[in-house]
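Each chain, letter by letter, is given below.
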Amino acid sequence: MAGKTFELEQVLIYRSEMEKLHKQAFEKAKQVLEQANQELKREEDLVALLSREFQRCQQDIGCIDDMRMYADFFSRKREEIKQYGERIEQLDQVMNEKRSDLMEASKEKKVLESLKEKKAAEFRQEMATKERNFLDEISIQKKDKPT
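The structure presented is a predicted model; accordingly, all values stated were derived computationally and were not measured.

Explanation requested: the overall build of the protein chain in the structure shown.
When helices and strands are counted, the protein chain shows two helices and zero strands. Its C-alpha atoms put the protein chain at 125 × 25 × 15 Å along the principal axes. Burial status across the protein chain gives 17% buried among its 147 residues. Across the protein chain, contacts joining residues at least 24 apart in sequence account for 85% of those joining residues at least 6 apart. With an accessible surface of roughly 11,800 Å², the protein chain has 52% of that area assigned to carbon and sulfur atoms. Each charge class in the protein chain was averaged separately, 30 positive and 32 negative side chains, and the resulting centres sit 6 Å apart.

Given below as structure tokens:
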């Protein structure tokens with residue numbers, strides 16, 4: 001039995017490709033976000049380490065200029081960490097948008113796949129009905145034929 005081709009097969013292929021592209025974009029956004037989170041964690045760990053080091057050797061610092069350099073350094077690091085946090089928020093928004101796009105593309109593809117399955121089931125049902133009618137016709141002809 002030769003199968004009937006799905007009229008929207010090209011659209012289904014296109015939607016599958018679009019889903020694949022959206023999935024790649026989402027994975028890339030997720031990877032960038034994870035890298036930014038790792039960078040932020042490294043910076044926070046570095047500042048914590050340097051802060052402990054500063055507290056340990058604070059007694060040995062005799063010059064106010066050295067104290068001011070440490071204060072400026074920690075102030076700059078706090079600002080950098082704040083900027084990392086803002087960047088992470090932006091990257092999180094981008095990732096959520098990519099996730100939303102991926103979900104929409106998946107939904108569109110699933111609608112067509114569902115339609116394709118429905119059409120295939122209808123076709124199989126139609127073929128089964130035709131085959132049954134054909135067999136019924138053959139049995140009627142055999143019955144009507146005198147032997």
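Is there a simple way to think about the nonpolar core in this case?
The biggest cluster of nonpolar side chains holds 14 residues, and the ones touching the most others in it are Leu33, Ile88 and Met95. Among the elements of the structure, α1 (9-57) and α2 (64-144) are those that each provide at least two residues to this core. When residues in this core are grouped by element, the largest group, seven residues, is from α1. The contacts of Leu33, once residues within four sequence positions are left out, are Ile88, Leu91, Asp92 and Met95.

Help me understand the packing of α1 against α2, please; the structure alone is not making it clear to me.
Two numbers describe a pair of packed helices, the interaxial angle and the distance between the axes. Between α1 and α2, the shortest axis-to-axis distance is 7 Å and the interhelical angle comes to 160°. Relative to α2, the element α1 is oriented roughly antiparallel. Between α1 and α2 lies a crossing of left-handed hand. A breakdown of the residues in the contact of α1 with α2 according to their chemical character gives 27 nonpolar, five polar and 19 charged.

Is there a simple way to think about α1 in this case?
Because each turn of an α-helix spans 3.6 residues, side chains separated by three or four positions in sequence point in the same direction. Over its 49 residues, α1 runs 72 Å from end to end, which matches the ideal 72 Å to within 8%, given 1.5 Å per residue. Residues Leu12, Glu19, Phe26, Ala29, Leu33, Ala36, Leu40, Glu43, Val47, Phe54 and Cys57 constitute the buried set of α1. Buried residues along α1 sit in contact with α2.

When you look at α2 in this model, what are you seeing that I'm missing?
Over its 81 residues, α2 extends 118 Å from the first C-alpha to the last, a length consistent with the 120 Å expected when each residue adds 1.5 Å. Where α2 is concerned, the buried positions are Phe74, Lys77, Ile81, Ile88, Leu91, Met95, Leu102, Ala105, Ser106, Lys109, Leu112 and Phe123. Contacts made by the buried residues of α2 are with α1.

What counts, and where the lines are drawn
Residues numbered from 1 in each chain as written. Predicted model: local features only at pLDDT ≥ 70, side-chain atom pairs only at ≥ 80, totals over all residues. Heavy atoms only, no water. Helix = DSSP H or I, 4+ residues; strand = E, 2+ residues; numbered from the N terminus. Buried < 20%, exposed > 50% of the residue type's maximum accessible area, 1.4 Å probe, protein only. Contact = heavy atoms within 4.5 Å. Areas by Shrake-Rupley, 256 points an atom, 1.4 Å probe, with all protein chains shown as cover. Lys, Arg positive; Asp, Glu negative; His and termini not counted. Charge placed at Lys NZ, Arg CZ, Asp CG, Glu CD. Core = buried A, V, L, I, M, F, W, Y, C linked by side-chain atoms within 4.5 Å. Axes fitted to C-alpha atoms, helices over the stretch in contact; angles between N-to-C directions. Parallel < 35°, antiparallel > 145°, perpendicular 65-115°, else oblique. Left-handed = near helix turned anticlockwise from the far one by under 90°. Nonpolar A, V, L, I, M, F, W, Y, C, P; charged D, E, K, R; others polar. Expected span 1.5 Å × (residues − 1).

By themselves, these figures tell us nothing about what the structure is for.
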